Amino acid sequence: MLTALDLLTANDTPGQHPPSYYAATANRQTAYPVLDGSHTCTVCVIGGGYTGLSAALHLAERGVDVILLEANRIGWGASGRNGGQVGSGQRMDQTVLEERHGKSHARLLWDLAEDSKALVKDLIIKHQIACDYTPGILHADHRKSFVEESRDYVEHLRLVYGYEDIRFVGPDEIGEQVGSPRYYGGSLDTGAGHLHPLNFALGLGQAAEAAGARVFEETKVTGIDGQGTGRITVRTGQGDVRAEHVILACNGYLGRLDRQTAAHVMPINNFIVATEPFSEDEAQKIIRNNVAVADSKFVINYFRLSADRRLLFGGGENYGYRFPEDIKAFVREPMLEIFPQLSDVAIDFGWGGTLAITPKRMPYFARIAPNMLTAGGYSGHGVAMATLGGQVLAEAVTGTAGRFDVFEKLNVPAFPGGDRLRFPLLVLAMTWFSLRDRLGF
């Protein structure tokens, strides 16, 4: 079965970052040891992406004895492969959250999202993480009918939430902002931004180690025993960790390590290409002012320019857990739909990765046991939110659960059929929404 695939090994070479543009321009190579033998700690963090790294960093800064276990390399999963967008708000619009959860809870979620962006910027400055942070995200409408909705939503954020860093982009301006004939309007958010995701993850790992966290790579967790007792045992291939608390931060690469989390969090694949570099003039004609772009399709296209002026373009649909044989050709099709003028441009890199979504596209935070927490399912909005998630988990472990409770009270539902039937149901849903994109509904 597709769901029986081990996503840690199904598409990538274990123990090394995939051959992406990000890996080719990484600031450093990691060389953390493999866990061997028995160890003890106060908190064991499983997963070396943004959530786990941030949790380990903030726990270590509080003087907590923490061990982080990563099955491959720090930043190996979605944290080192994504589009690099540091977005405002949650994955769902505030108007949707107001309807679902009420205005007061929606306000708390907005404030947490603002905290998440501020945290990313603060960590970059505090730990001198060289990750090319650049302000600005343009949200581009691919349907004329969406333009007035964008205008209204901008006004809602400004009037209700006091958010002044966003403005409406009308039909007359959108073509100046992005060199594509496919968009009709949108909004420009200068309080958001974009960065080199792998270098940000590597910087978090370096900061966590410097703060005192013990980090182990190529250490796959094979089982967890004793949840809810005085001490949990985390088993690996060559050793074990006995801890008072465990944090699960595995996201799309969780597998069936915890069935409760797996029932709420669905792994899906996404793909990105990097073109050859452009001149400054050519780059300005593609995206003015070096902002990132995300469009309004359900199967979203997202793109930005790298520090050396390559177009990094993410898009394409994939309903299996195996990556396409030719990722460059796979993503070139949606790229040329948006930028037909790039038909002769060379693509130098193409890579895929696995993120995780939830049924309501909001992150899943839960107490699996009194001494075991989990977080994931950021649904494509994880650069800032997962970084904040790690900080929130660290707070909860050390006795301050207020922000954790805001997320947990979302009561994110499980997928119908739990972790066994979620995949075929997702295929049906994604096929329908993809058809809606094509037909213009």
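Above this text is the structure in question.
Summary of the structure given here. Model, not experiment: these values are computed from the prediction. (Residues numbered from 1 in each chain as written. Predicted model: local features only at pLDDT ≥ 70, side-chain atom pairs only at ≥ 80, totals over all residues. Heavy atoms only, no water.)

Let's talk about the packing of helix α4 (residues 103-126) against helix α11 (residues 382-397)
Keep this limit in mind: Convention adopted: a line fitted to C-alpha atoms gives each axis, helices being fitted over their contacting stretch, and angles between N-to-C directions are expressed from 0 to 180 degrees. Starting at the N terminus, helices and strands are each numbered in turn, a helix being any DSSP run of H or I of at least four residues and a strand any DSSP run of E of at least two. Roughly parallel here means an angle under 35 degrees, roughly antiparallel means over 145, roughly perpendicular means 65 to 115, and every remaining angle is called oblique. Here, residues are in contact when the closest pair of their heavy atoms is within 4.5 Å. In the scheme used here, Gly and all other residues not listed as nonpolar or charged are polar, with Ala, Val, Leu, Ile, Met, Phe, Trp, Tyr, Cys and Pro taken as nonpolar and Asp, Glu, Lys and Arg as charged.
Contact pair α4 / α11: the axes reach a minimum separation of 8 Å and the direction vectors enclose 90°. Viewed along their axes, α4 and α11 adopt a mutual orientation that is roughly perpendicular. Of the residues in α11, those in contact with L112, A113, D115, S116, K117, L119, V120 and L123 of α4 are V383, A384, M385, T387, L388 and Q391. By residue class, the composition of the contact of α4 with α11 is 9 nonpolar, 3 polar and 2 charged.

Details of the environment of P19
The condition is simple: Each residue is placed in one exposure class: buried if its accessible area under a 1.4 Å probe, protein chains only, is under 20% of its type's maximum, exposed if it is over 50%, and partly exposed if it falls in between.
Within the secondary structure layout, P19 lies in the segment before α1 (21-24). The class of P19 is exposed, set by a relative accessible area of 66%. Remark: the alpha-carbon pair of P19 and G352, spanning 333 residues in sequence, is separated by 9.7 Å.

As for the pattern of salt bridges
The condition is simple: Counted as salt bridges are all cases of a side-chain nitrogen of Lys or Arg within 4 Å of a carboxyl oxygen of Asp or Glu.
Counted by the stated rule, this structure contains 20 salt bridges. In this structure, the salt-bridge partner of K126 is E61, at a minimum N-O distance of 3.1 Å. One end of the pair, K126, is in helix α4; the other, E61, is in helix α2 (residues 50-61), and 65 residues separate them in sequence. K126 gets classed as exposed once you look at its relative accessible area, which sits at 55%. With relative accessibility at 37%, the residue E61 sits in the partly exposed group. For E395, the salt bridge identified is with R403, shortest N-O distance 2.6 Å. Linked through salt bridges whose partners overlap, the residues forming this network are R73, E217 and E218.

What about α4?
Put simply, the test is: Expected span of a helix: the number of residues minus one, times 1.5 Å.
Under the 1.5 Å per step criterion, the end-to-end length of α4 is 34 Å for 24 residues, consistent within 8% with the ideal 34 Å. All of the buried residues along α4 are H105, A106, L109, W110, L112, A113, S116, K117, L119, V120, L123 and I124. At the C-terminal side of α4, Q128 shows a positive phi close to 50°.

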